[in-house]
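As a plain string of letters, each chain reads:
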Amino acid sequence: MDGKVCVITGGASGIGLASARRLASEGATVVIADLDETRGPEVAEELGGLFVRTNVADEGSVKALFEQTVAEYGRVDVAFNNAGINPTEDNSILTTGIEAWAKVQTVNLTSVYLCCKYALEHMVKQKSGSIINTASFVALLGAATSQISYSASKGGVLSMSRELGVQFAKEGIRVNALCPGPVNTPLLEELFAKDPEQAQRRLVHVPRGRFGEPEEIAAAVAFLASDDASFVNAATFTVDGGISAAYVTAE
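Residues numbered from 1 in each chain as written. Predicted model: local features only at pLDDT ≥ 70, side-chain atom pairs only at ≥ 80, totals over all residues. Heavy atoms only, no water.

The chain carries the name 3-oxoacyl-ACP reductase in an unreviewed UniProt entry, which gives Brevibacterium otitidis as its organism. In its Sequence similarities (unreviewed entry) section, the UniProt entry covering the chain states "Belongs to the short-chain dehydrogenases/reductases (SDR) family." (UniProt positions renumbered as here; feature names shortened; annotations may be inferred.)

## Examining the side chain of Ser-226
You can see Ser-226 is positioned in the loop between α8 (214-225) and β7 (236-239). Among residues more than four places away in sequence, those in contact with Ser-226 are Met-1 and Arg-174. (Helix = DSSP H or I, 4+ residues; strand = E, 2+ residues; numbered from the N terminus. Contact = heavy atoms within 4.5 Å.)

## Digging into the sheet that holds strand β4 (residues 78-81)
The strand order across the open sheet built from seven strands is β3-β2-β1-β4-β5-β6-β7, with neighbouring strands paired in parallel fashion. Each edge of the open sheet carries a strand with a single partner, namely β3 (50-53) and β7. On average, adjacent strands in this sheet sit at an angle of 20° to one another, irrespective of strand direction. Pairing analysis gives five bridges linking strand β1 (residues 5-9) to strand β2 (residues 29-34), with the strands arranged parallel. Within the sheet, the bridge partner assigned to Ile-8 lies in β2 and is Ile-32. (Pairing = 2+ DSSP bridges. Axes fitted to C-alpha atoms, helices over the stretch in contact; angles between N-to-C directions.)

What follows is the structure, given as structure tokens:
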């Protein structure tokens, strides 16, 4: 990753933070795009990179993120579009209100559209780049413990990534969808701390018998960002501990 400039949304915590540390350890320059004006600058300083306060749901903010990155470093080699939300008010379609639906769609799907759009503007000029969009294993599977807008948003991310990967391949650009299983992040911990029974209901379906760790997802990000993945494009890259392959798990 020496010399590569990597923009990571949601880079101040969870999978984004673990990925920023992994990419920086391999020689990349990281740009931490986040709303957290406390942790964001700390992470950027730790890794010798740049913090840009970014509201991924705002077009002007996203456009400015990539413009500032190019102004500072001259290029954008990797865009890891990772920021997202998973609020408790998003649940069954029978109880999820339109405001909750719209909020999740905006932050989880429209933001990825915006980040792809403005990353691609620079990558097309370079004739190179890797875009990694965080989808989810719920884009591949249905769940009776529904979070309807979250699932729909991640399905949209998956489909959009596939189409962009096909469209821009001849421009030297790869676009892949990363589909993690449940991971021990603040987002998951907050959700399950409120309902341990819900957590156990999910955990029983994981063949490994545990949730993933952010560093395990970061390893996949590092691969997809690197030249080792030069022929990996428009892919559904699943890192879920075997959940999506399981019918019955071992006792």
